[in-house]
Amino acid sequence: MSTNSSSDRIQLVQGDITRQEVAAIVNAANSSLLGGGGVDGAIHRAGGPVILEECRAIRARQGGCKTGEAVITTGGRLPAAHVIHTVGPVWHGGHRGEPELLANCYRNSLRLAAEHRLDSIAFPGISTGIYGYPKKEATVIALQTVRAFLAQSPLPKTVVFVVFDDESRRYYEQELRS
Ligand code: AR6
């Protein structure tokens, strides 16, 4: 299912992010960059071992990835040529800087995509699974941050939000209408 928003640069898709035919998909990673469950596990399984090899090389250079920051690797066997790995905040109730850290994930991922001249990027709902960020609040931040970035940058041309479940899809539909 695909819904175009009022802005023709933002799309909503319900499904599996590993199947998206975009220049880069975003991984909701952890700071070790060594893989995990959820979308992280799905991306490494679908993309193959070359993604982990590049993550290990990044770790050796800079010691992983801090919360809110982002790094880029190949997409291996994925339809997407690149994976942008970002580390979302663990939800602790909202008073430990979670909203700003989550916004940083979206901003820094978009910045990396623009720096690499990538024209399309797909995001999962960063932090909204294992890390426990409330889905509705996370959706508001995702949309606000992406819209603000696109307003001042020609790249990426297209941003796809990929949702897994119906509840998330409804929140994105609501926010896209507003
Ligand atoms: N395609 C699209 N969305 C997905 C997919 C998929 N294949 N699989 C899950 N989701 P999560 P987090 C949705 O837990 O909360 C890992 O172990 C899911 O429904 O993957 O940032 C990492 O290594 C949810 O809405 O990421 C970290 O340790 C969203 O993706 C930790 O989990 C994110 O869920 C990160 O937790």
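Residues numbered from 1 in each chain as written. Predicted model: local features only at pLDDT ≥ 70, side-chain atom pairs only at ≥ 80, totals over all residues. Heavy atoms only, no water.

An unreviewed UniProt entry annotates the protein as O-acetyl-ADP-ribose deacetylase of Hymenobacter montanus.

Colleague: Describe the packing of helix 3 (residues 98-115) against helix 4 (residues 135-151), and please don't skip the residues or the numbers.
Modeller: Two numbers describe how helix 3 lies on helix 4: the axes approach to 9 Å, and their chain directions differ by 35 degrees. Handedness of the crossing formed by helix 3 with helix 4: right-handed. Residue-level inspection shows P99, L102, A103, Y106, R107, L110, R111 and A114 of helix 3 in contact with helix 4, the latter providing A138, I141, A142, T145, V146 and F149. By residue class, the composition of the contact of helix 3 with helix 4 is 11 nonpolar, one polar and two charged. (Axes fitted to C-alpha atoms, helices over the stretch in contact; angles between N-to-C directions. Helix = DSSP H or I, 4+ residues; strand = E, 2+ residues; numbered from the N terminus. Left-handed = near helix turned anticlockwise from the far one by under 90°. Contact = heavy atoms within 4.5 Å. Nonpolar A, V, L, I, M, F, W, Y, C, P; charged D, E, K, R; others polar.)

Colleague: Now, about the site of the ligand: what can you tell me, with residues and values included?
Modeller: For the ligand, the set of nearby residues contains 21 residues, the closest of which are N30, G37, V39, D40 and T128. At 2.9 Å from a nitrogen atom of the ligand is found a side-chain nitrogen or oxygen belonging to D16. With respect to the ligand, the backbone of S127 contributes an N or O atom lying 2.8 Å from an oxygen atom. Mapped by element, the contributors of at least two residues to the shell around the ligand are strand 3 (24-29) and helix 1 (38-47). For the shell around the ligand, the element with the highest residue contribution is helix 1, accounting for four residues. When grouped by side-chain class, the residues that make up the shell around the ligand number eight nonpolar, 10 polar and three charged. (Near = heavy atom within 4 Å. Polar contact = N/O pair within 3.5 Å; in protein donor to acceptor, adjacent residues only side chain to side chain.)

Colleague: Talk me through helix 2 (residues 49-62); I want residue IDs and the actual numbers.
Modeller: When the terminal C-alpha atoms of helix 2 are compared, their 20 Å separation across 14 residues agrees well with the 20 Å that a helix rising 1.5 Å per residue should span. On its buried face, helix 2 sits against helix 1, strand 4 (70-74) and strand 5 (82-87). Downstream of helix 2 by one or two residues, G63 has phi in the positive range, about 70 degrees. (Expected span 1.5 Å × (residues − 1).)

Colleague: So what about helix 1? Which residues, and what values?
Modeller: All buried positions along helix 1 are accounted for by D40, G41, I43, H44 and G47. With its buried residues spanning 165 degrees around the axis, helix 1 presents them on a single face. What points out from helix 1, more than 90 degrees from its buried face, is the exposed set G38 and R45. The elements touched by buried residues of helix 1 are strand 3, helix 2 and strand 5. With its phi angle positive at about 90 degrees, G48 sits one or two positions after the end of helix 1. (Buried < 20%, exposed > 50% of the residue type's maximum accessible area, 1.4 Å probe, protein only. Arc of directions from axis to C-beta.)

Colleague: Could you give an account of the packing of aromatic side chains, with specific residues and numbers?
Modeller: Any pair of aromatic rings gets described here by the distance separating the centres and the angle formed by the planes. Applying the stated criterion across every chain, the model contains four aromatic pairs. Their ring planes at 45 degrees and their centres at 4.8 Å tell us that Y106 and F123 sit as a pair that is tilted. Here the residue Y106 occupies a position in helix 3, and F123 occupies one in strand 6 (residues 120-123), the gap between them amounting to 17 residues. Both residues of the pair, Y106 and F123, belong to the buried class. Aromatic rings pair up to connect Y106, F123, F161 and Y172 into one cluster. (Phe/Tyr/Trp six-rings, centres within 6.5 Å; stacked < 30°, edge-to-face > 60°.)

Colleague: So what's going on with the nonpolar core? Residues and values would help.
Modeller: Nonpolar side chains in soluble globular proteins generally cluster together in the buried interior. Counting 34 residues, the largest nonpolar core has I84, Y106, F123, V146 and F161 as the members making the most contacts within it. Those elements that provide at least two residues to this core are strand 2 (10-14), strand 3, strand 4, helix 3, strand 6, helix 4, strand 7 (158-163) and helix 5 (166-177). The element that contributes the greatest number of residues to this core is helix 3, accounting for eight residues. Not counting the four nearest positions on each side in its chain, F123 is found in contact with I17, V26, Y106, S109, L110, V146, V159, V160, F161 and V162. Counting 19 residues, the second-largest nonpolar core is a separate cluster that includes V22, L78, V83 and V87. (Core = buried A, V, L, I, M, F, W, Y, C linked by side-chain atoms within 4.5 Å.)

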